[in-house]
Amino acid sequence: METRAGLSRQILLAMSAITVLAGILVFFGTFLVYTAIVAVYPLPETDEWLTSLDLVIFASLILVTLPIAAFVALRLARRILDPLESLACSARRIAAGDLSARAAAGENALGETASLVGDFNTMAQRLQDMAADMALWNATIAHELRTPLTILKGRLQGIIDGVFEPDERTLRRLILQVDGLGRLVEDLRTVTLADSGHLDLRIVPARLARELEEVAELMAPDLAAGGFDLRLDLDDIVVEADATRVRQAILALVSNARRHASRGTITMSLKAVDATAVLAIADEGPGVAPELAGRVFEPFVRGDPERAREAGGNGLGLSVVRAIMEAHGGSLRYRTAPKGGAQFEMVFRMPRSPAPSARD
């Protein structure tokens, strides 16, 4: 490789020049010191200050040290350039689209060079993971959009062909499909904005108990119609939060419980734990399968496909809640509820002192 040859030549020339310069400085420096000593402590005069023998000794030393310097320079160049050559080759392969390319540091690489190669490989792995995630997202989003779009197209084509009557029932079903598409788009937007750090929040002191009571009042009739009883256990706590986004997260968690939990009681609790406010929503079963517990907040992760299809939803609800909580500087966690169901906890950091301007 031309670049490698050029760098090797530069290192060899630099080491050789340093060797020669060091020899000159040591050789003539010795005579200068000797001259200074003689000026202070005179010795018998000699005919020559620098003899031919001295020059022969100096040339011999240069001839001996230059091959050693060249050997050391070539070894050093190899230790530096081998990892860099591998890194450059891998970079070109990645630029050409092969994200699986990795650089090799080698056994004798310098510590700094090995660290550079390690950082490069870490970056390459993240690029590969991001590309794989993007491909999965695109495929999953296309799958999620296909069903409602197919239904909409089929119904509308049926109305045009006279197969379906454009009555109120048919139109309401079409509106439900449009609403589903709207929710999917909004959920995708929320998750994407949160991941990129651009989710806009209006943080103000808010009384979470009041927000929970409003959501409970809104959802109680639908929950009762589905066989659920909503129970509240709330402490009056003020946190710094975006009330609109908090309501969005609560609605997502309660809707998730309604779709997937067995009929029974859904409990919403709000308690102060140490320096945090924990907002928990728990149901009575069956909970999250153990193999999914660690991935339940990832986008489009679902349990049993048949049950998920019957329950509805787009697989983004918990991802949206996690994104909202992380944007607040808090967290979302899962644990098994006391009665064996699923319990999702939204953890907010408490302000250091109560804010007098909290929402009433």
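No experiment lies behind these values; they were computed from the predicted model shown.

Could you clarify how one ought to interpret the overall build of the protein chain in this entry?
Secondary structure summary: the protein chain contains eight helices and seven strands in total. The buried share among the 360 residues of the protein chain stands at 32%. Only carbon and sulfur atoms are counted for the fraction: they give 59% of the accessible area of the protein chain, which is about 22100 Å².

Explanation requested: a nonpolar patch on the surface in the structure shown.
A grouping of Met123, Leu127 and Met130 is seen on the molecular surface, where their side chains present a nonpolar patch of about 290 Å² in accessible area. The topology assignment puts methionine 123 in helix α3 (residues 111-161).

How should I be thinking about the sheet that holds strand β5 (residues 276-282) in this particular structure?
Across the sheet, which stays open at both edges, the five strands sit in the order β2-β4-β5-β7-β6 with mixed pairing between neighbours. Strand pairing shows two members of the sheet lacking a second neighbour, β2 (229-234) and β6 (331-336), which therefore form its edges. Shown here is a sheet whose adjacent strand axes are inclined to one another by a mean of 15°, direction ignored. On top of the sheet, helix α5 (residues 208-225) reaches β2, β4 (265-273), β5 and β7 (342-349); it is set at about 170° to β2, its chief contact.

Where do I start with the nonpolar core in this structure?
Looking at soluble globular proteins, one finds that nonpolar side chains tend to be buried together. Ile250, Leu279, Met346 and Phe348 are the most contacted members of the largest nonpolar core, which totals 40 residues. Every element with two or more residues in this core is listed here: α5, β3 (238-241), α6 (243-260), β4, β5, α8 (317-327), β6 and β7. In this structure, Leu87, Ala101, Val117 and Phe120 belong to the second largest nonpolar core, which totals seven residues.

It is not clear to me how the pairing of β7 should be interpreted in this structure. Could you clarify?
Within a regular strand, the side chains alternate between the two sheet faces. Burial runs high along β7: seven of the eight residues are buried. Alignment of β5 against β7, held across seven bridges, turns out to be antiparallel. What sits directly across from leucine 279, in β7, is methionine 346. Across six bridges, β6 lies against β7 in antiparallel orientation. Among the inter-strand pairings, arginine 335 is bridged to a residue of β7, identified as glutamine 343.

What's the story with the pattern of salt bridges in this structure? I'm lost.
When their charged atoms lie close together, side chains carrying opposite charge are able to pair. Tallied over the entire structure, the rule returns 10 salt bridges. In this structure, arginine 210 and glutamate 213 form a salt bridge, with 3.9 Å as the shortest nitrogen-oxygen distance. With arginine 210 and glutamate 213 both in helix α5 and three residues apart, the pair spans about one turn of that helix. Through salt bridges with shared partners, a single network forms among Asp233, Asp235 and Lys271.

What is the right way to read the packing of α6 against α8 from this model?
Axis angle and axis distance: for two packed helices, these are the angle between their axes and the distance between the axes, and together they describe the pair. Between α6 and α8, the shortest axis-to-axis distance is 9 Å and the interhelical angle comes to 150°. As far as their axial angle goes, α8 and α6 are roughly antiparallel. Read as a crossing pair, α6 and α8 show a hand that is left-handed. From α6, Arg245, Gln248, Ala249, Ala252, Leu253 and Asn256 reach across to α8, where they touch Gly317, Leu318, Val320, Val321 and Ile324. Partitioned by chemical class, the residues of the contact of α6 with α8 number seven nonpolar, three polar and one charged.

Sorry if this is basic, but what is going on with α8 here?
In an α-helix there are 3.6 residues to a turn, and that puts residues three or four apart on one side. Taken as a whole, α8 has its buried residues at Leu318, Ser319, Val320, Val321, Ala323, Ile324 and Met325. Buried residues along α8 sit in contact with α4 (168-195), α6, β6 and β7. At the exit of α8 stands glycine 329, carrying a positive phi of roughly 80°.

Help me understand the environment of alanine 289 in this model?
If you trace the backbone, alanine 289 turns up in the loop between β5 and α7 (305-311). Sequence-wise, alanine 289 and alanine 342 are 53 residues apart; in three dimensions their C-alpha atoms are separated by 9.8 Å.

Hey, could you run me through the packing of α5 against α6 in this one?
Axis separation between α5 and α6 bottoms out at 10 Å; the angle between their running directions is 35°. The handedness of the crossing between α5 and α6 comes out as right-handed. On α6, the residues touching Leu208, Glu211, Leu212, Glu214, Val215, Leu218, Met219, Asp222 and Leu223 of α5 are Ala243, Val246, Arg247, Ile250, Leu251, Val254, Ser255 and Arg258.

Explanation requested: unusual backbone geometry in the structure shown.
If a residue is not glycine, its phi is most likely negative; likewise, a peptide bond is most likely trans. Phi angles above zero are rare outside glycine, and aspartate 274 is one such case at about 55°. Since its relative accessible area comes to 81%, aspartate 274 is described here as exposed.

Help me understand the environment of alanine 104 in this model?
Structurally, alanine 104 is set in the loop between α2 (52-95) and α3. Alanine 104 sits 21 residues away from proline 83 along the chain, and the two C-alpha atoms are 6.1 Å apart. Among all residues touching alanine 104, those that are not within four sequence positions of it are Pro83, Ser86 and Val117.

Would you mind showing me how to read α6 here?
Between its terminal C-alpha atoms α6 stretches 26 Å, which fits the 26 Å expected from 18 residues at 1.5 Å a residue. Along α6, the positions that sit buried rather than exposed are Ala243, Arg245, Val246, Ala249, Ile250, Ala252, Leu253, Val254, Asn256 and Ala257. The N-capping residue of α6, defined by a side-chain oxygen 3.1 Å from the backbone nitrogen of threonine 244, is aspartate 242.

Mind showing me how you'd approach the side chain of glutamate 345 here?
Inspection of the secondary structure assignment puts glutamate 345 in strand β7. Separated by 2.5 Å, the side chains of glutamate 345 and arginine 333 make a polar contact. Of the polar contacts made by the side chain of glutamate 345, one reaches the side chain of arginine 335; its length is 3.4 Å. Here glutamate 345 is in contact with Val278, Leu279, Ala280, Ser331, Leu332, Arg333 and Arg335, once residues within four sequence places are set aside.

Definitions and cut-offs
Residues numbered from 1 in each chain as written. Predicted model: local features only at pLDDT ≥ 70, side-chain atom pairs only at ≥ 80, totals over all residues. Heavy atoms only, no water. Helix = DSSP H or I, 4+ residues; strand = E, 2+ residues; numbered from the N terminus. Buried < 20%, exposed > 50% of the residue type's maximum accessible area, 1.4 Å probe, protein only. Areas by Shrake-Rupley, 256 points an atom, 1.4 Å probe, with all protein chains shown as cover. Patch = residues over 30% accessible without salt bridge, like charges linked within 9 Å, V, L, I, M, F, W, Y side chains within 5 Å. Salt bridge = Lys/Arg side-chain N within 4 Å of Asp/Glu carboxyl O. Pairing = 2+ DSSP bridges. Axes fitted to C-alpha atoms, helices over the stretch in contact; angles between N-to-C directions. Contact = heavy atoms within 4.5 Å. Core = buried A, V, L, I, M, F, W, Y, C linked by side-chain atoms within 4.5 Å. Parallel < 35°, antiparallel > 145°, perpendicular 65-115°, else oblique. Left-handed = near helix turned anticlockwise from the far one by under 90°. Nonpolar A, V, L, I, M, F, W, Y, C, P; charged D, E, K, R; others polar. Expected span 1.5 Å × (residues − 1). Polar contact = N/O pair within 3.5 Å; in protein donor to acceptor, adjacent residues only side chain to side chain.

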